[in-house]
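So the chains spell out like this:
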Amino acid sequence: MHSGESIAADWAKLFDDVSTGVRNTVYDTVLTYGADMADAFYARMLTDPDARPFLTHEAVEKRLRFSMKHWLETLFSCSDVERFAAAMAMQRHVGEVHARVELPVNIVARGARVLKGEIAHRLLGAGLAASDLVDAVLYVDNLIDLAFEEMSSAYVASHERAARTDEAYRVFSYGQNMSLERERQRSALLDWENRFLQEMMNGAPGDELQTLADSSFGLWLHHKANTIFEGSSELPIVRQTMHTVDDNLLPLCQQQFGNPDREEVRRLSKIVQAELGQLKFLIDGMFERFVSLESGKDALTQLLNRRFLPAVLSREIELSRRHRKPFAVLLADIDHFKHINDRYGHEAGDRVLQQTANLLLNTVRSGDFVFRYGGEEFLVLLVEVDDAHTRRVAEKLRARIEQEIFLLPNGQSLRATASIGIALHDSHPDYQRLINRADDALYRAKHEGRNRCMSADE
Ligand SMILES: Nc1nc2c(ncn2[C@@H]2O[C@H](COP(=O)(O)OP(=O)(O)OP(=O)(O)O)[C@@H](O)[C@H]2O)c(=O)[nH]1
């Protein structure tokens, strides 16, 4: 059954289960007190710290009270399938608007709760017998729940579309030539610095320095960098540094305009320049980290890094659910890797990791995935496999690593082994559980002497 049909069927049952008298009383109550209910609802929401940012007194006065009254009347006037379908179309529209303004779902749920309370409160005075009152309250609760269910499904669909567009925009943004972008921002900062120094030399009292926020760099930072570098640890420091220059230092600099004492001018200029130096350093770091992480590749091994692991695993879980073909996760960890580093040096350790990465990639099929999961740990995702196939591949990987001769930068060579934990996806939707099972199996493989494969199911 289509979800719209299932909601309509639920509504029809709800409608039939309640007497005409009770339904009419509810409808009359909504008609009589709709405006008061809407007022009480918004009075409550306007004092709610979470809901407040989405509301203004003016919007409530001009539009929202009337919309709410109309919403209540439409919902409770449904007496046939067509009217109900129209009321549900209204819910979907509301859900889409909520998604566009990014109204959090918990606030909508809170709104529903407040509204149910308001209606129940009015029904208490409607002169219903006790059993009818119970029926009326249940009818109201269920009808509002149906409306919010429809609203939420439209909300989720819109939200997902918006998230995909956001992601596409992010991909587009970082598809731009990043080294060109970096040069542009460096030169924008340099332009600002030159202009600043010029004005510090020639500024007359009353002149105003251009702030960094108003510069071409500031505009870029505000409008684009947030999208491209979202989540970067440098970004908040960049913003803070810019505020320090704009809000603390520039006003002091301006006070120096016309001051014949050049010493103070020089001192302040140097402080601003030092802050700019810090900004340039942070911006460079931001671009560099971005290039290696966002490309999704691990810089040392060129394998996938962990960034895309959740996306890949979620997708594989979905595919495997749809096509009923399991996949498997192998966690391979090089044995006594610390010892390799200690004995041959870190660079030799790096070589071992690179060679292992190549070996793994060359052994699995092109449809499989190989991630660098941790320092000396790799995660191999084998698509469309069964238990026996998985064990065979794991054993092949283990044996190849054992046979491999690792060539070191100084011409020496060494041998290494690896332990492998195996977990076949068991249809559980949480991918972390699958990784944990593989990790437990790996732990057991290490514990039982290393250079072996262990399965989560043994
Ligand atoms: N060369 C190099 N070493 C790394 C890298 N990442 C992590 N390591 C090192 O890998 C070592 C892992 O050591 P442990 O976790 O103690 O495990 P182990 O020595 O492999 O021992 P078992 O796993 O118990 O067999 C640590 O010494 C890390 O410093 C890297 O990118 N390059």
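Residues numbered from 1 in each chain as written. Predicted model: local features only at pLDDT ≥ 70, side-chain atom pairs only at ≥ 80, totals over all residues.

K.L.:
Requested: an account of the environment of Ala-157, with residues and values cited.
P.N.:
Here Ala-157 is to be found in helix H6 (residues 130-175). Classification of Ala-157 as partly exposed rests on a count of 14 C-beta atoms within 10 Å. As for Ala-157 and Arg-92, which are separated by 65 residues in sequence, their C-alpha atoms are 10.0 Å apart. (Helix = DSSP H or I, 4+ residues; strand = E, 2+ residues; numbered from the N terminus. Buried ≥ 20, exposed ≤ 12 C-beta atoms within 10 Å, placed from the backbone.)

K.L.:
Can you tell me about the site of the ligand, naming the residues and giving the values?
P.N.:
Taken together, 17 residues lie near the ligand, and Asp-335, Phe-337, Lys-338, Gly-349 and Gly-375 sit nearest. When grouped by side-chain class, the residues that make up the shell around the ligand number four nonpolar, six polar and seven charged. (Near = placed C-beta within 6 Å. Nonpolar A, V, L, I, M, F, W, Y, C, P; charged D, E, K, R; others polar.)

K.L.:
Give me the sheet that holds strand S2 (residues 369-372): which residues, what numbers.
P.N.:
Ordered in space as S2-S3-S1-S6-S7, the five strands form an open sheet in which the pairing is mixed. Each edge of the open sheet is held by one strand with a lone partner, namely S2 and strand S7 (453-455). Adjacent strand axes in the sheet meet at a mean angle of 20° when their direction is disregarded. With seven bridges connecting them, strand S1 (residues 328-334) and strand S6 (residues 418-424) associate as antiparallel partners. Each residue of the ladder has a partner; that of Ile-334, found in S6, is Ala-418. In the packing of helix H14 (residues 387-403) onto the sheet, the strands contacted are S1, strand S3 (377-382), S6 and S7, and the crossing angle to S6 comes to about 165°. (Pairing = 2+ DSSP bridges. Axes fitted to C-alpha atoms, helices over the stretch in contact; angles between N-to-C directions. Contact = placed C-beta atoms within 7 Å.)

K.L.:
Describe unusual backbone geometry, and please don't skip the residues or the numbers.
P.N.:
Leave glycine aside and you will find that most residues have negative phi; peptide bonds, for their part, are mostly trans. For His-336, which is not glycine, the phi dihedral falls at a positive 50°. Following the sequence through the fold, His-336 ends up in the loop between S1 and helix H12 (337-344). Of note, the phi angle at Ser-427 is positive, near 75°, even though the residue is not glycine. Within the element layout of this structure, Ser-427 appears in the loop between S6 and helix H15 (431-447).

K.L.:
Before we move on, could you go through helix H2 (residues 20-46) and cite the residues and values that matter?
P.N.:
The sharpest bend along H2 measures roughly 70° and falls at Tyr-33. Those residues of H2 that sit buried are Val-22, Thr-25, Val-26, Thr-29, Val-30, Tyr-33, Gly-34, Met-37, Ala-38, Phe-41 and Tyr-42. (Bend = angle between axes of the 7 residues up to and from the residue.)

K.L.:
Kindly report on the packing of H2 against helix H3 (residues 57-76), identifying the contributing residues and their values.
P.N.:
In contact at an axis separation of 9 Å, H2 and H3 are set at 145° when each is read in the N-to-C sense. Like other packed secondary-structure pairs, H2 and H3 cross with a definite hand, here right-handed. Residue-level contacts link Val-26, Tyr-27, Val-30, Leu-31, Gly-34, Ala-35, Met-37, Ala-38, Asp-39, Phe-41, Tyr-42 and Leu-46 of H2 to His-57, Val-60, Leu-64, Arg-65, Met-68, Lys-69, Leu-72, Glu-73 and Phe-76 of H3. Counted by class, the contact of H2 with H3 contains 15 nonpolar, two polar and four charged residues. (Left-handed = near helix turned anticlockwise from the far one by under 90°.)

K.L.:
Run through the pairing of S3, naming residues and quoting values.
P.N.:
For S3, the tally of buried residues reaches five of six residues, placing the bulk of the element in the interior. Where S1 meets S3, six bridges bridge the pair, whose relative direction is antiparallel. Across the sheet, residue Leu-331 finds its bridge partner in S3, namely Leu-379. Pairing between S2 and S3: four bridges, direction antiparallel. If you follow Phe-371 over to S3, its bridge partner there is Leu-379. The antiparallel hairpin formed by S2 and S3 contains four residues in its connecting segment.

Geometric descriptors of this kind do not, in isolation, establish any biological role.
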